Amino acid sequence: MADRSVLVTGGTGGLGGAVTAAFLDAGWRVVVPGRERPPATEPAAGGPVRLVADLTDPAGAERAVAAAADDPAAPLRAVVNLVGGYAGGGLVHETPVEEFDRMLTVNLRPTWLVTRAALPRLVAAGGGAVVCVSSRAAVAPFPGAAGYVTAKAAVLAFANAVAVEYRPAGVRCNTVLPSVIDTPANRAAQPTADHSRWVTPAEIAPVVRFLASDESAPISGASIPVHGRA
């Protein structure tokens, strides 16, 4: 039986499926919140624990963390923040403030709320790990996506702040910075791109699992590039 739990937000997405599978294969109890109720016919044995929660809402984030921490035999030892989204468009002066706000809401707010709710549990369990997903764009911006770039840079800054504040309590926080991830949605959005250069979910997932594991115990405050050949 699993002796530790991980909360994977965004676990139903293109990257989330691979990350969830990686933790299940390593023997973790995996809790995956989502906005929609999973099909009633979905088998539970050997799979993740699923629940409905709006992670942009403080109560929803708290409910997800509580579910991840409610098994005494498998205490919460890691949080993986995958929730996010992309929107491009015009230059800064052409971008509606509503779109800018939406990028912060989608990319930063769930990471902040879930991490905030989880930190007391991780401290109480004697330590643990938080893994956040930012983007290469946070450190190498490109034109036409200032809201996305700003939100992902904020995720990176937030993760570094958590690493500094909670290091004495044994809680580590690291960030992965993918380039374009090879998902069906991204292929549909960029059908003429060289997809062979993109990084795949299967390549990112072991990196995330490593950063959540005891094997990465000396590492905190790191920003790990996962770019594939892009």
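Participant: Break down the overall build of the chain for me, citing the residues and quoting the values.
Facilitator: On a plain count of helices and strands, the chain comes out with seven helices and seven strands. Counting helices and strands in the order they occur from the N terminus, the chain gives β-α-β-β-α-β-α-α-β-α-β-α-α-β. Scaling as 2.2 N^0.38, a compact globule of 230 residues should have a C-alpha radius of gyration of about 17 Å, and the chain matches this with 17 Å. In terms of principal-axis extent, the alpha carbons of the chain reach across some 50 × 40 × 35 Å. The burial tally for the chain puts 43% of its 230 residues in the buried class. Taking the contacts inside the chain whose residues are at least 6 apart along the sequence as the reference set, 69% of them involve residues at least 24 apart. In the form shown here, the chain has an accessible surface area of approximately 10800 Å², with 58% of it arising from carbon and sulfur atoms.

Participant: Go over the packing of aromatic side chains with me, naming the residues and quoting the values.
Facilitator: Where two aromatic rings form a pair, the distance of their centres and the angle of their planes describe that pair. Under the definition given, this model contains three aromatic pairs. Seen in terms of ring centroids, Tyr-86 and Tyr-148 are 4.9 Å apart; in terms of plane orientation they differ by 80°. Their pairing is edge-to-face. On the criterion of sequence distance, the pair formed by Tyr-86 in the loop between β4 (76-81) and α3 (97-107) and Tyr-148 in helix α5 (residues 146-166) is long-range, its members being 62 residues apart. Joined through ring pairs, the aromatic side chains of Tyr-86, Phe-142 and Tyr-148 make up one cluster.

Participant: If you had to explain the packing of helix α4 (residues 109-124) against α5 to someone new, which residues and values would you point to?
Facilitator: Interaxial distance between α4 and α5 falls to 12 Å at its minimum, and their mutual angle equals 15°. One element, α4, and the other, α5, form an angle in the roughly parallel class. Handedness of the crossing formed by α4 with α5: right-handed. Contacts between α4 and α5 pair Thr-111, Trp-112, Thr-115, Leu-119 and Val-123 from the former with Phe-158, Val-162 and Tyr-166 from the latter. For the contact of α4 with α5, the residue count by class is six nonpolar, two polar and no charged.

Participant: Can you explain the side chain of Thr-115? Please cite residues and give values.
Facilitator: Its location among the elements puts Thr-115 in helix α4. Accessibility expressed as a relative area gives 1% for Thr-115, which makes it buried. Here the side chain of Thr-115 touches Thr-111 through a polar contact of 2.7 Å, landing on its backbone oxygen. When sequence neighbours within four positions are dropped, the list of residues in contact with Thr-115 reads Asn-81, Val-130, Phe-158 and Val-162.

Participant: Run through the pattern of salt bridges, naming residues and quoting values.
Facilitator: Inspection of every chain in the model, using the stated rule, returns eight salt bridges. For Asp-214, the salt bridge is made with Arg-4, and the minimal N-O distance between the two is 3.2 Å. Taken as a pair, Asp-214 in the loop between α7 (201-212) and β7 (223-226) and Arg-4 in the segment before β1 (5-9) lie far apart in primary sequence, 210 residues in all. Classification of Arg-4 by relative accessible area gives buried; the value is 18%. A salt bridge links Glu-62 to Arg-121, with the shortest nitrogen-to-oxygen separation between them at 2.6 Å. Pair noted here: Glu-62 is in helix α2 (residues 58-68) and Arg-121 is in helix α4, with a separation of 59 residues, a long-range link. Each of Asp-3, Arg-4 and Asp-214 takes part in salt bridges that share partners, so that together they form one network.

Participant: Run through the packing of α3 against α5, naming residues and quoting values.
Facilitator: It is at 8 Å that the axes of α3 and α5 come closest, and there the two elements cross at 35°. Between α3 and α5 lies a crossing of right-handed hand. For the pair α3 and α5, the contacting residues are Phe-100, Met-103, Leu-104 and Asn-107 in the first and Ala-146, Gly-147, Tyr-148, Thr-150, Ala-151, Lys-152 and Val-155 in the second. Taken together, the residues of the contact of α3 with α5 sort by class into seven nonpolar, three polar and one charged.

Parameters and conventions
- Residues numbered from 1 in each chain as written.
- Predicted model: local features only at pLDDT ≥ 70, side-chain atom pairs only at ≥ 80, totals over all residues.
- Heavy atoms only, no water.
- Helix = DSSP H or I, 4+ residues; strand = E, 2+ residues; numbered from the N terminus.
- Rg over C-alpha atoms; globule rule 2.2 N^0.38 Å.
- Buried < 20%, exposed > 50% of the residue type's maximum accessible area, 1.4 Å probe, protein only.
- Contact = heavy atoms within 4.5 Å.
- Areas by Shrake-Rupley, 256 points an atom, 1.4 Å probe, with all protein chains shown as cover.
- Phe/Tyr/Trp six-rings, centres within 6.5 Å; stacked < 30°, edge-to-face > 60°.
- Axes fitted to C-alpha atoms, helices over the stretch in contact; angles between N-to-C directions.
- Parallel < 35°, antiparallel > 145°, perpendicular 65-115°, else oblique.
- Left-handed = near helix turned anticlockwise from the far one by under 90°.
- Nonpolar A, V, L, I, M, F, W, Y, C, P; charged D, E, K, R; others polar.
- Polar contact = N/O pair within 3.5 Å; in protein donor to acceptor, adjacent residues only side chain to side chain.
- Salt bridge = Lys/Arg side-chain N within 4 Å of Asp/Glu carboxyl O.

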